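Commentary on secondary and tertiary structure
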Amino acid sequence: MTTIELVLGDITEQHVDVVVNAANSSLLGGSGVDGAIHRRGGPEILAACRELRAGHYGGGLPTGQAVATTAGRLPARWVVHTVGPVWSDTEDRSQLLADCHLNSLRVAAELGAASVAFPAISTGIYRWPVASAARIALAAVRDAPVELVRFVLFSQETYDAYERARS
Ligand code: APR
């Protein structure tokens, strides 16, 4: 049985095995959670991302996929980078958002991680409505191959939306 926790807070401060980053396909950083993780984690994470781009991920990380790097100076052991879909009014991209969670968990389990912290992927710059994102994320982690999944929500509004989607 996986324990699912919701907390209001900053994902860079979580003492878990894996912190999931809401990255973009370049893997070379951005703002929001991505910016915070690189800032707090230090240059080792960017160096590892550059290596990925120089190797298997020369074309970038496709939307819905996930890949791990060191967590640098973060209290976590690894960062798993995933790319959420940009919200679309005309196309249903829900499966890609579910895939972000499923593939991040698969990568985490392959590393031997027991605990994984997720941000509210796609709900910032990628404009996914938070009530919908919360439903998709919580359904995707229901049978997670790890002991603990913690959603780290950055605002009370986002926290409340996840709380509503859980009940
Ligand atoms: N801890 C937890 N959550 C955070 C933090 C943080 N330190 N900083 C921001 N958030 C929240 C935002 O409030 C939002 O609810 O994370 C959620 C996701 O927002 P974004 O970081 O904007 O991610 P996303 O919508 O998936 O957009 C991805 O943003 O910075 C870029 O490189 C990234 O291009 C990519 C895009």
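The paragraphs below set out a description of the structure included in this document. (Residues numbered from 1 in each chain as written. Predicted model: local features only at pLDDT ≥ 70, side-chain atom pairs only at ≥ 80, totals over all residues. Heavy atoms only, no water.)

Looking now at the packing of helix α3 (residues 94-111) against helix α4 (residues 130-140). Where α3 meets α4, the axes come as close as 9 Å, and the angle between the chain directions of the two elements is 40°. Taken as axis vectors, α3 and α4 run oblique relative to one another. Crossing handedness for the pair α3 and α4: right-handed. Touching Ser-94, Leu-97, Ala-98, His-101, Leu-102 and Leu-105 of α3 are Ala-133, Ile-136, Ala-137 and Ala-140, all from α4. (Axes fitted to C-alpha atoms, helices over the stretch in contact; angles between N-to-C directions. Helix = DSSP H or I, 4+ residues; strand = E, 2+ residues; numbered from the N terminus. Parallel < 35°, antiparallel > 145°, perpendicular 65-115°, else oblique. Left-handed = near helix turned anticlockwise from the far one by under 90°. Contact = heavy atoms within 4.5 Å.)

Once that is clear, we can look at the environment of Leu-27. The topology assignment puts Leu-27 in the loop between β2 (18-23) and α1 (32-41). Note: C-alpha distance between Leu-27 and Pro-129 (102 residues apart in sequence) is 24 Å. Among residues more than four places away in sequence, those in contact with Leu-27 are Leu-46, Cys-49, Leu-52, Arg-53, Tyr-57, Leu-61, Val-67 and His-81.

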